[in-house]
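Here is how the chains run, residue by residue.
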Amino acid sequence: MRPAGRCGAVLSARRVRAYPGGMGELPETFDDAFRSSARSEWLRREFPRLLDPELPPEVEPFSFVPASGLAEIASAVRVGPGDLLVDLACGRGGPGMWVARRVGAALCGVDGSSVAVAAATDRRDAFGLGSRARFAQGDLAATGLADGAADAVMCVDALQFAPDRDLVARELRRVLRPGGRLVLTCWEARLLGDACVVERFATLRCGEVLRAAGFADVEVVERPAWEERRRAVYDAALALGPSEDVGLSMIQAEGRDALQEMPLTRRVLVTATNPT
Ligand SMILES: C[S@@+](CC[C@H](N)C(=O)[O-])C[C@H]1O[C@@H](n2cnc3c(N)ncnc32)[C@H](O)[C@@H]1O
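None of the values given here were measured: they were computed from a predicted structure.

Enquirer: Describe unusual backbone geometry, listing the residues and the values that go with them.
Expert: Its identity as a non-glycine residue notwithstanding, Asp-157 has a phi of 55 degrees, on the positive side. Within the secondary structure, Asp-157 sits in the loop between strand E4 (150–156) and helix H7 (165–175).

As structure tokens, then:
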């Protein structure tokens, strides 16, 4: 809950839980969100177009990274044919499959939601990946992958959902081979501990978490242009008014709070290397 007065608004607990980048914290909640989104024509067709008309339709993201951002991820993971790319918290798999197809790597997607994992598995043919991509249920902090199995890991708009980010960072180092790359996208409060920012971002410093776990070459860069795309999605969704489309209603609820918090947060792309 936001303290009244200091932040100019008071958010209900329900709204705080709903915001942002997705739709709840626990895998069961995400299961519900993915079931609802499968029934939402607006989420499937309009959301990606508003986020970025350049996004190939098959991506169907459950996140806020435009096409240029996916291209940046594809370049930063530094993998190619014969390598294994892991997409941690892969959701319905689109961003990871787009990157894997672009670089020619095999893909293993892991997500806490069984609904998302089933949808991602069903969608492999839309990317022409077939058995080159596989998906499994697992946790951000307990992926079930073997030590050093991954040549690179990407993680789009999900680190904030982990209750213990240090555990996730240690798991990332465990599954990455020496020299393997990590690329993640997230949000952070501009002011550490800002009481006006939802807790999961207020306390998050991705770079510090990764350095503390022993990652090298940690770089955190801001991507304000991505945030402008997110703003455009919320503005367009809210302009449509009340709707029976569950996906549209979900994004409208998220947008009401996210638009207030946007000036207080920064959109980040984070890269790091597992030391050799
Ligand atoms: C905003 S969505 C992003 C999904 C996907 N990366 C994309 O770009 O479409 C966040 C994802 O994190 C997953 N998630 C949240 N908490 C998790 C956890 N503790 N372990 C594994 N996955 C988790 C959710 O199921 C959801 O798929």
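Enquirer: An account of the pairing of strand E3 (residues 133–137) is requested, with residue identities and associated values reported.
Expert: It is a general feature of regular strands that their side chains alternate between the two faces of the sheet. Pairing of strand E2 (residues 106–111) with E3, which is carried by 5 bridges, proceeds in the parallel orientation. Looking at E3, one finds that Leu-107 is bridged to Ala-133.

Enquirer: Lay out the pattern of salt bridges with the relevant residues and their values.
Expert: Tallied over the entire structure, the rule returns 17 salt bridges. Between Glu-46 and Arg-49 there is a salt bridge, and its shortest N-O distance comes to 2.5 Å. In this pair, Glu-46 and Arg-49 are both assigned in helix H3 (residues 41–51), 3 residues apart and thus about one turn of the helix distant. As a salt-bridge pair, Arg-92 and Glu-60 come within 2.7 Å of each other at their nearest N and O atoms. Of the two residues, Arg-92 sits in the loop between strand E1 (84–88) and helix H5 (94–103) while Glu-60 sits in the loop between H3 and helix H4 (67–76), which places them 32 residues apart along the sequence. Among the charged side chains, a network of salt bridges with common partners joins Glu-41, Arg-44 and Arg-45.

Enquirer: Talk me through H5; I want residue IDs and the actual numbers.
Expert: Of all 10 residues in H5, 8 are buried, a share of seventy percent or more. Listed as buried for H5 are Gly-94, Pro-95, Gly-96, Met-97, Trp-98, Val-99, Ala-100 and Val-103. In this fold, the buried residues of H5 make contact with H4, E1, E2, helix H6 (114–122), E3 and E4. Phi turns positive, to about 85 degrees, at Gly-104, one or two residues after H5.

Enquirer: Residue-level account of the packing of aromatic side chains, with values.
Expert: Per the counting criterion, the structure on display carries 7 aromatic pairs. Taking the centre distance of 5.3 Å and the plane angle of 70 degrees together, the rings of Phe-47 and Phe-64 count as edge-to-face. Highlighted residues: Phe-47 in helix H3 and Phe-64 in the loop between H3 and H4, separated in sequence by 17 residues. What makes Phe-47 buried here is its relative accessible area of 3%. Through a chain of ring-to-ring contacts, the aromatic side chains of Phe-30, Phe-34, Phe-62 and Phe-161 assemble into a single cluster.

Enquirer: An account of the packing of helix H10 (residues 224–239) against helix H11 (residues 246–261) is needed here, citing residue identities and associated values.
Expert: Axis separation between H10 and H11 bottoms out at 9 Å; the angle between their running directions is 120 degrees. Taken together, H10 and H11 sit at an angle that is classed as oblique. Along this stretch, H10 crosses H11, giving a crossing that reads as left-handed. Contact residues: H10 offers Arg-230, Arg-231, Val-233, Tyr-234, Asp-235, Ala-237 and Leu-238, while H11 offers Leu-248, Ile-251, Gln-252, Glu-254, Gly-255, Arg-256, Ala-258 and Leu-259.

Enquirer: Tell me what's going on with the sheet that holds strand E6 (residues 216–222), and back it up with residues and numbers.
Expert: A sheet is described by the order of its strands in space; here 7 strands give the open sequence E3-E2-E1-E4-E5-E7-E6, paired in mixed fashion. Looking along the sheet, the strands with just one partner apiece sit at the ends: E3 and E6. Looking at each pair of strands side by side, their axes are set apart by 15 degrees on average, direction ignored. On top of the sheet, H5 reaches E1, E2, E3 and E4; it is set at about 165 degrees to E1, its chief contact.

Enquirer: Before we move on, could you go through the nonpolar core and cite the residues and values that matter?
Expert: Among the nonpolar cores identified, the biggest contains 91 residues, and Ile-73 and Leu-85 are the most heavily contacted of them. Counting residues per element, this core draws most heavily on strand E5 (residues 176–189), at 7 residues. In this structure, Ile-73 is in contact with Val-65, Val-99, Met-154, Val-156, Val-183, Thr-185 and Leu-269, ignoring residues within four places of it in sequence.

Enquirer: Go over the pairing of E5 with me, naming the residues and quoting the values.
Expert: Most of E5 is tucked away: 11 of the 14 residues are buried. Here 6 bridges tie E4 to E5, and the two strands are oriented parallel to one another. The partner of Val-156 across the bridge, within E5, is Thr-185. At this point the chain moves from E4, through H7, to the parallel E5, and the crossover so formed is right-handed. Across 9 bridges, E5 lies against strand E7 (residues 265–273) in antiparallel orientation. Note on E7: the bridge partner recorded for Leu-184 is Val-270.

Enquirer: Requested: an account of the environment of Val-183, with residues and values cited.
Expert: Topologically, Val-183 is positioned in strand E5. Look at Val-183 and you get buried, because its relative accessible area is 1%. For Val-183 and Phe-34, which are 149 residues apart along the polypeptide, the C-alpha to C-alpha distance reads 24 Å. In this view, Val-183 contacts Ile-73, Ala-76, Val-77, Val-153, Met-154, Cys-155, Leu-269, Val-270 and Thr-271; residues no more than four positions away in its chain are not counted.

Conventions used here
Residues numbered from 1 in each chain as written. Predicted model: local features only at pLDDT ≥ 70, side-chain atom pairs only at ≥ 80, totals over all residues. Heavy atoms only, no water. Helix = DSSP H or I, 4+ residues; strand = E, 2+ residues; numbered from the N terminus. Pairing = 2+ DSSP bridges. Salt bridge = Lys/Arg side-chain N within 4 Å of Asp/Glu carboxyl O. Buried < 20%, exposed > 50% of the residue type's maximum accessible area, 1.4 Å probe, protein only. Contact = heavy atoms within 4.5 Å. Phe/Tyr/Trp six-rings, centres within 6.5 Å; stacked < 30°, edge-to-face > 60°. Axes fitted to C-alpha atoms, helices over the stretch in contact; angles between N-to-C directions. Parallel < 35°, antiparallel > 145°, perpendicular 65-115°, else oblique. Left-handed = near helix turned anticlockwise from the far one by under 90°. Core = buried A, V, L, I, M, F, W, Y, C linked by side-chain atoms within 4.5 Å. Right-handed = clockwise from strand over helix to strand, strands pointing away.

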